[in-house]
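Tertiary structure, described
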Amino acid sequence: MVVKLFGCSYASCSRRVLACLIEKDIEFETLSVDINKGEQKKPEFLALQPFGKVPVVQDGSLMLFDSRAIIRYYAEKFGGEGTCLLGKTLEERAFIDVMVIAFAWSSTSAITGCEASWLSVIGLSSGARVAFFNIYS
Ligand SMILES: N[C@@H](CCC(=O)N[C@@H](CS)C(=O)NCC(=O)O)C(=O)O
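Residues numbered from 1 in each chain as written. Predicted model: local features only at pLDDT ≥ 70, side-chain atom pairs only at ≥ 80, totals over all residues. Heavy atoms only, no water.

1. Topic: helix α1 (residues 12–23)
For α1, built from twelve residues, the straight-helix expectation of 16 Å at 1.5 Å per residue is met to within 8% by its first-to-last C-alpha distance of 16 Å. With ten of twelve residues buried, α1 lies mostly within the body of the structure. For α1, the complete set of buried residues consists of Ser12, Ser14, Arg15, Arg16, Val17, Leu18, Ala19, Cys20, Leu21 and Glu23. Phi turns positive, to about 55°, at Asp25, one or two residues after α1. (Helix = DSSP H or I, 4+ residues; strand = E, 2+ residues; numbered from the N terminus. Expected span 1.5 Å × (residues − 1). Buried < 20%, exposed > 50% of the residue type's maximum accessible area, 1.4 Å probe, protein only.)

Below you can see the structure in the form of structure tokens.
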């Protein structure tokens, strides 16, 4: 079953999930929700995500939102496949936890800075880096 990712091309939270799906080689399709046009506040989207924010993932009957929760789900579900996204050593896992927890409460620019470090730790593939900038656009 193809995973549906409702997201926005220029939103870091959507791109974060996108990178995860690619790293785990999960078949997915993207459905554009343009946050500059307010599409995330329309009733049909609020039915998926009550806070009116992207991203949202629909995986069969499972609906998930919040980028980091989505990533953790797939990182654990496909723990043995693709790139390890949760850290291989205790120290890597601690470093990733620091960033996930600390930057979840920070500004978008801080998130971008943190992700640069995070991505270098986990070693994202070139395919995911390209997708960061191309998908949805
Ligand atoms: N903690 C959430 C944050 C979601 C979020 O703030 N999404 C932004 C885009 S990065 C959004 O939808 N903004 C539009 C709005 O708040 O109306 C996550 O990581 O998914």
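2. Structural notes on the packing of α1 against helix α3 (residues 67–77)
At a minimum axis distance of 9 Å, the contact between α1 and α3 shows a crossing angle of 5°. Taken together, the axes of α1 and α3 are roughly parallel relative to one another. On α3, the residues touching Cys13, Arg16, Val17, Cys20 and Leu21 of α1 are Ser67, Arg68, Ile70, Ile71 and Tyr74. Counted by class, the contact of α1 with α3 contains seven nonpolar, one polar and two charged residues. (Axes fitted to C-alpha atoms, helices over the stretch in contact; angles between N-to-C directions. Parallel < 35°, antiparallel > 145°, perpendicular 65-115°, else oblique. Contact = heavy atoms within 4.5 Å. Nonpolar A, V, L, I, M, F, W, Y, C, P; charged D, E, K, R; others polar.)

3. Regarding the site of the ligand
Lining the immediate environment of the ligand, one finds 13 residues, of which Gln40, Lys53, Val54, Asp66 and Ser67 sit closest. Separating a nitrogen atom of the ligand from a backbone N or O atom of Val54 is a distance of 2.8 Å. Taking Asp66, its side chain carries an N or O atom lying 2.8 Å from a nitrogen atom of the ligand. Contact with the protein chains covers 74% of the free accessible surface of the ligand, which is 510 Å². Of all the secondary structure elements, the ones that give two or more residues to the shell around the ligand are α1 and α3. The residue inventory of the shell around the ligand, partitioned by class, reads five nonpolar, three polar and five charged. (Near = heavy atom within 4 Å. Polar contact = N/O pair within 3.5 Å; in protein donor to acceptor, adjacent residues only side chain to side chain. Areas by Shrake-Rupley, 256 points an atom, 1.4 Å probe, with all protein chains shown as cover.)

4. Structural notes on the packing of aromatic side chains
The geometry of an aromatic ring pair is captured by the separation of the ring centres together with the interplanar angle, meaning the angle of the planes. Under the definition given, this model contains three aromatic pairs. Judged by centre distance (5.8 Å) and plane angle (85°), the ring pair of Phe51 and Phe65 falls under edge-to-face. Here Phe65 lies in strand β4 (residues 62–65) and Phe51 lies in the loop between α2 (43–46) and β3 (56–59), a separation of 14 residues in the sequence. Taken together, the ring pairs in this structure connect Tyr73, Tyr74 and Phe78 into an aromatic cluster. (Phe/Tyr/Trp six-rings, centres within 6.5 Å; stacked < 30°, edge-to-face > 60°.)

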